[in-house]
Amino acid sequence: EAEVAQSPRYKITEKSQAVAFWCDPISGHATLYWYRQILGQGPELLVQFQDESVVDDSQLPKDRFSAERLKGVDSTLKIQPAELGDSAMYLCASSHGTGGSGYTFGSGTRLTVV
Amino acid sequence: TQLLEQSPQFLSIQEGENLTVYCNSSSVFSSLQWYRQEPGEGPVLLVTVVTGGEVKKLKRLTFQFGDARKDSSLHITAAQPGDTGLYLCAAGAVSGNTGKLIFGQGTTLQVKP
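Residues numbered from 1 in each chain as written. Chains lettered and ligands numbered in written order. Predicted model: local features only at pLDDT ≥ 70, side-chain atom pairs only at ≥ 80, totals over all residues. Heavy atoms only, no water.

**Student:** Go over the interface of chain A and chain B, please, and point to the residues and values.
**Tutor:** Between chain A and chain B, the residue contacts involve 23 residues of the former and 19 residues of the latter. Of the roughly 1,500 Å² buried between chain A and chain B, counting both surfaces, carbon and sulfur atoms make up 47%. In terms of surface lost to chain B, no three residues of chain A exceed Pro43(A), Tyr103(A) and Phe105(A), which account for 25% of the buried area on that side. Seen at the junction of chain A and chain B, the total is one salt bridge. Among the salt bridges present, the one from Glu41(B) reaches Arg9(A), with a minimum N-O distance of 3.3 Å. For the pair chain A and chain B, the number of links is eight residue pairs in polar contact (both at pLDDT 80 or more). Those elements that provide at least two residues to the side of chain A that touches chain B are β4 (31-37), β5 (44-50), β6 (53-56) and β9 (88-95) of chain A. With three residues, β4(A) is the single largest residue contributor to the side of chain A that touches chain B. (Contact = heavy atoms within 4.5 Å. Buried area = accessible area lost by both parts, 1.4 Å probe. Salt bridge = Lys/Arg side-chain N within 4 Å of Asp/Glu carboxyl O. Polar contact = N/O pair within 3.5 Å; in protein donor to acceptor, adjacent residues only side chain to side chain. Helix = DSSP H or I, 4+ residues; strand = E, 2+ residues; numbered from the N terminus.)

Structure follows, in structure tokens:
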């Protein structure tokens, strides 16, 4: 069964350092999403790509976060500098269309900022 | 602001008991999804409901979409320890970026042997 691949699974970083997460969506899925999930809460959208274009980054803290999907396939989410409040699970998901029939999520990257 | 409110937030029950989780909103949705998430993993899609009043069954799980398409419920019969996890409802945004999913805050279920 096709999966969304994410790496690393876990990341511990000191505040003010840079950190990057990688996602490889299911082959053929044009739409890619990055969500952030605080422990015990529901995921919240950070950025949505359609192919290589950003569709929605209204909730992305652009002073420190950036995301790219240069060739419309895999994607990288970067935080620089990391802050203590960035500690969370970062989830990547993909869908064939706009997700009305559901997303496929990766296993996520658990970030701890110390 | 579009909100999906789930209740209860936490539920701890004994194996064999039945339970119901609710997902409510003031907005009308074209579809609604339920996900289950285990600790340290991403959410996994359980079901999508589309038609008002629709009922879908997945083994011991029964999902219902309200007639007005504003609410949904998940009922588990004879819960087992393997059902433990975070249950999330999600729906497409009704304005702005309608291609994104809005998630409820989740219901944490613990089933004790």
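**Student:** Hey, could you go over the packing of aromatic side chains for me, with residue numbers and the actual values?
**Tutor:** This model, assessed by the stated rule, comprises 10 aromatic pairs over all chains. Summarising the aromatic geometry, the rings of Tyr33(A) and Tyr35(A) are spaced 6.3 Å apart at their centres and angled 45 degrees between planes, so their arrangement reads as tilted. Across the pair, exposure class does not vary: Tyr33(A) and Tyr35(A) are buried alike. Here a set of aromatic residues connected by ring pairs shows up, and it is made of Tyr33(A), Tyr35(A), Tyr103(A), Phe105(A), Tyr35(B) and Phe103(B). (Phe/Tyr/Trp six-rings, centres within 6.5 Å; stacked < 30°, edge-to-face > 60°. Buried < 20%, exposed > 50% of the residue type's maximum accessible area, 1.4 Å probe, protein only.)

**Student:** Which residues make up the pattern of salt bridges, and what are the values?
**Tutor:** Residue and element names in this part refer to chain A. Within this structure, the stated rule accounts for eight salt bridges over all chains. Across the pair aspartate 86 and arginine 64 runs a salt bridge whose closest N-O atoms are separated by 2.6 Å. Separated by 22 residues along the polypeptide, aspartate 86 in the loop between β8 (75-79) and β9 and arginine 64 in the loop between β6 and β7 (65-68) bring together distant segments of the chain. For arginine 64, a relative accessible area of 13% translates into the label buried.

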